[in-house]
Amino acid sequence: MKTRFKPKFNIKKGDLVAVIAGDDKDRTKPRKVLEVQPDKARILVEGVNIITKHTKPTAQNTKGGIVKQEAPIAISNVMLWDAKAGKPTRVNRQRENGKLIRIAKKSGEEIK
């Protein structure tokens, strides 16, 4: 991704999101964001896009073997979860006391 115009994303680490596209699509279940990679426009979501990684034995992991872990997905494949409405929602950003806050469009509540 080019770095001339840095994109602004409404999703932060620790937010609840609904996966709206891909193999793990489920608009009814909120999931937790583990990591956001804004430079690659990707996001790591708990329990989504599970891959198997083959690891060699090391000093920390003496056995090695096959490890299941989450892989990043595109940030466009998720929507923020509105706890009050119980549905995924779009986000509006407003400035309050010089600080940017996120507001859910479905319920009008602030997203914390």
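For the structure itself, look to the data block above.
Here is a short report on the structure shown in this document. (Residues numbered from 1 in each chain as written. Predicted model: local features only at pLDDT ≥ 70, side-chain atom pairs only at ≥ 80, totals over all residues. Heavy atoms only, no water.)

## Things to note about unusual backbone geometry
So, step 1. Phi at Ala 41 takes a positive value of approximately 55 degrees, unusual for a residue other than glycine.
So, step 2. Within the secondary structure, Ala 41 is located in the loop between β2 (26-37) and β3 (42-45).
So, step 3. Non-glycine residue Asn 49 carries a positive phi angle of around 60 degrees. (Helix = DSSP H or I, 4+ residues; strand = E, 2+ residues; numbered from the N terminus.)

## Let's talk about the sheet that holds strand β6 (residues 73-74)
So, step 1. Pairing is antiparallel across the open sheet formed by six strands, whose spatial order is β6-β3-β2-β1-β7-β8. Across the chains shown, the open sheet's two edge strands, defined by having one partner strand only, are β6 and β8 (87-89).
So, step 2. Judged from the three bridges that link them, strand β7 (residues 78-82) and β8 form a sheet pairing that is antiparallel. When the sheet's bridge partners are listed, Trp 81 is paired in β8 with Pro 88. (Pairing = 2+ DSSP bridges.)

## Details of the pairing of strand β10 (residues 99-104)
So, step 1. Across six bridges, strand β9 (residues 91-96) lies against β10 in antiparallel orientation. By the bridge assignment for β10, Glu 96 is matched with Lys 99.
So, step 2. Linking β9 to β10, which pair antiparallel, is a turn of two residues; within it Asn 97 sits at a positive phi near 55 degrees.
So, step 3. Where β10 meets strand β11 (residues 110-111), two bridges bridge the pair, whose relative direction is antiparallel. Directly across from Ile 103, in β11, lies its bridge partner Glu 110.
So, step 4. Counted along the chain from β10 to the antiparallel partner β11, the turn is five residues long, and its residue Gly 108 has a positive phi close to 80 degrees.

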